[in-house]
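# Working through the structure, step by step
Letter by letter, the chains look like this.
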Amino acid sequence: MFDFDMLGLQPALNAALAHNGFKEPTPIQNKAIPLAMEGHDILGLAQTGTGKTLAFGLPLIDHLLANPAKPAPKTAKSLILAPTRELVNQIADGLRKLTLNTNVHIITVVGGQSINRQIGALHRGCDILVATPGRLIDLMDRGSVNLSTVKHLVLDEADQMLDLGFIHALRKIAPKLGTPRQTMLFSATMPKQMEELSRAYLTNPQRVQVSPPGKAADKVSQSVHFMDKAAKPRKLRDLLTNDLGALTLVFCRTKHGAEKLKNGLEKDGFSAASIHGNKSQGQRDRAIKGFRDGTTTILVATDVAARGIDIPGVSYVINYDLPEVPDSYVHRIGRTARAGLEGQAIAFCSAEEVDLLTQIERLMKIDIPVVSGDRPAAVSAPKSRRGNGGGGGGNGARGGRPGGGGNGGQNRSRGPKPAFGAAPANGKPGAKPRRRKPARQGA
């Protein structure tokens, strides 16, 4: 198939596609849409940036246009679950462009926004409900939404939702959905849990795969710089200065680290913003809007953004900190080279991160080209408790500075002085030192 007209979609949908500049389906769309329109459950595997939203959105909207009955109050005809607020909004925005001149009504429910406003919106019912699992369960517990009429379920970026404990939420949500129903599950990677999830919630699914799990987009040019951790700030500024004005997404491991880096870049005159779990939804939306329209050229983020940014113009993705989960690297670099464009993925790797890089290369079955530095021998990171407050405690267990009240890693730059509460001779971490009894007089 060479264009959307040949997929058998409703005329109104074909007109909307043409109006929005969509001419030819991507490989995942070409394979998934005809099967979904036939009513099959779909297990779709494709790297980020390949058009998964339209792969499930077009057959869903086509079915709704063919069955235009008005939804009852507090109900939804179809449900799309996604792991982050940004991705929920991105999906809804993409689908609304295709339903602009139709009666298809789309509602989003996410955390960080007024639940009373969402209750009011749900009262009239909707055709498509796009939600994060946590907020949806809150609304279910309040009796504000009735899912018994849902006949189409979509799980987008399901592998990340598994990382967030989504399986427990799904066990609460799935029994409330209507039956029989069509279920479509889409993911960029295929961990073992995903196989179990598909067996539990999909019925004889058609597997659609256009690239091996763990493979980056073809037009992403990858590279790695080996360096000491202390050299990362200067290297980042050098790279940013070399291409001022290019949209650059910088990933950090912790909330505190992302905010600290953003503040430092702003102090040095760079146009930067940040998004992470400590930001309100309004702050996150404004940061992404500024990045999208180019008023902000550098966006510093934690993995909350790895799947929530669909901006074709991102030229660089810089892994300032390597992720602790190899799959997250694939999703991070998938933020560039979107919509057929080219992009660069640049990784910084210190001695403490060599093991993480090895895991990433093993997953992707490649050796990432080295641009500078020599690959050091792996160094065991100092053990510490992860930050549990005030912004995540710096770089957590990988030896970053403690920050914001969290229990970050020990700051080794302070020399050999032991950290407060270090283990005494009895070897018990954090144990209080024993008081010596005074020597007995006249002994």
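Residues numbered from 1 in each chain as written. Predicted model: local features only at pLDDT ≥ 70, side-chain atom pairs only at ≥ 80, totals over all residues. Heavy atoms only, no water.

The next subject is the side chain of R284. Examined against the element boundaries, R284 turns out to sit in helix 12 (residues 281-293). A relative accessible area of 4% means that R284 is categorised as buried. Not counting residues within four places of it along the chain, the set of residues in contact with R284 comprises R85, E86, I275, H276, G277, K279 and V304. (Helix = DSSP H or I, 4+ residues; strand = E, 2+ residues; numbered from the N terminus. Buried < 20%, exposed > 50% of the residue type's maximum accessible area, 1.4 Å probe, protein only. Contact = heavy atoms within 4.5 Å.)

Our focus in this paragraph is the packing of aromatic side chains. This structure, assessed with the given rule, holds two aromatic pairs. A centroid spacing of 5.6 Å and a plane angle of 55° characterise the contact between F56 and F186, whose relative ring orientation is tilted. Of the two residues, F56 sits in helix 3 (residues 52-66) while F186 sits in strand 6 (residues 182-187), which places them 130 residues apart along the sequence. Across the pair, exposure class does not vary: F56 and F186 are buried alike. With centroids separated by 5.9 Å and ring planes inclined at 55°, the aromatic side chains of Y320 and F348 adopt a geometry described as tilted. Of the two residues, Y320 is situated in the loop between strand 12 (314-319) and helix 13 (326-333) and F348 in strand 13 (residues 343-349); the sequence distance between them amounts to 28 residues. The pair Y320 / F348 is uniform in exposure class, with both members buried. For K232, the ring lying beneath its charged end belongs to Y320, and the centroid distance is 5.7 Å. (Phe/Tyr/Trp six-rings, centres within 6.5 Å; stacked < 30°, edge-to-face > 60°. Lys NZ or Arg CZ within 6 Å of the ring centre and 35° of its normal.)

Moving on: the confidence of the model for the protein. Per-chain confidence: the protein averages 83 in pLDDT, with 81% of residues scoring 70 or above. Overall, residues 382-443 carries pLDDT values under 50, and its contacts beyond four positions in sequence, including any with other chains, amount to 79 contacts. (pLDDT = per-residue confidence, 0-100.)

The next subject is the sheet that holds strand 4 (residues 126-131). In space, the seven strands of this open sheet follow the order 3-4-2-5-6-1-7, with parallel pairing throughout. The outermost strands of the open sheet, each flanked by one partner alone, are strand 3 (106-109) and strand 7 (206-209). The mean angle between the axes of side-by-side strands here comes to 15°, regardless of whether they run parallel or antiparallel. Inspection of the sheet shows strand 3 paired to strand 4 by four bridges, in the parallel sense. Bridge assignment links I107 to a residue of strand 4, and that residue is L129. (Pairing = 2+ DSSP bridges. Axes fitted to C-alpha atoms, helices over the stretch in contact; angles between N-to-C directions.)

L79, L81, L129, L136, L155 and L197 are the most contacted members of the largest nonpolar core, which has 37 residues in total. Per element, the largest residue contribution to this core is five residues, and it comes from helix 8 (residues 166-173). L7, L95, V104 and V130 belong to the second largest nonpolar core, which has 36 residues in total. (Core = buried A, V, L, I, M, F, W, Y, C linked by side-chain atoms within 4.5 Å.)

This part takes up the sheet that holds strand 8 (residues 220-226). Across the sheet, seven strands lie side by side as 10-11-9-12-13-8-14; this open sheet has parallel pairing. Taken across any chain shown, the strands that pair with only one partner, and hence form the sheet edges, are strand 10 (272-275) and strand 14 (370-372). The mean inter-strand angle of the sheet, taken between neighbouring strand axes irrespective of direction, is 25°. Pairing of strand 9 (residues 247-251) with strand 11 (residues 298-301), which is carried by four bridges, proceeds in the parallel orientation. Of the residues in strand 11, the one forming a bridge with F251 is A301.

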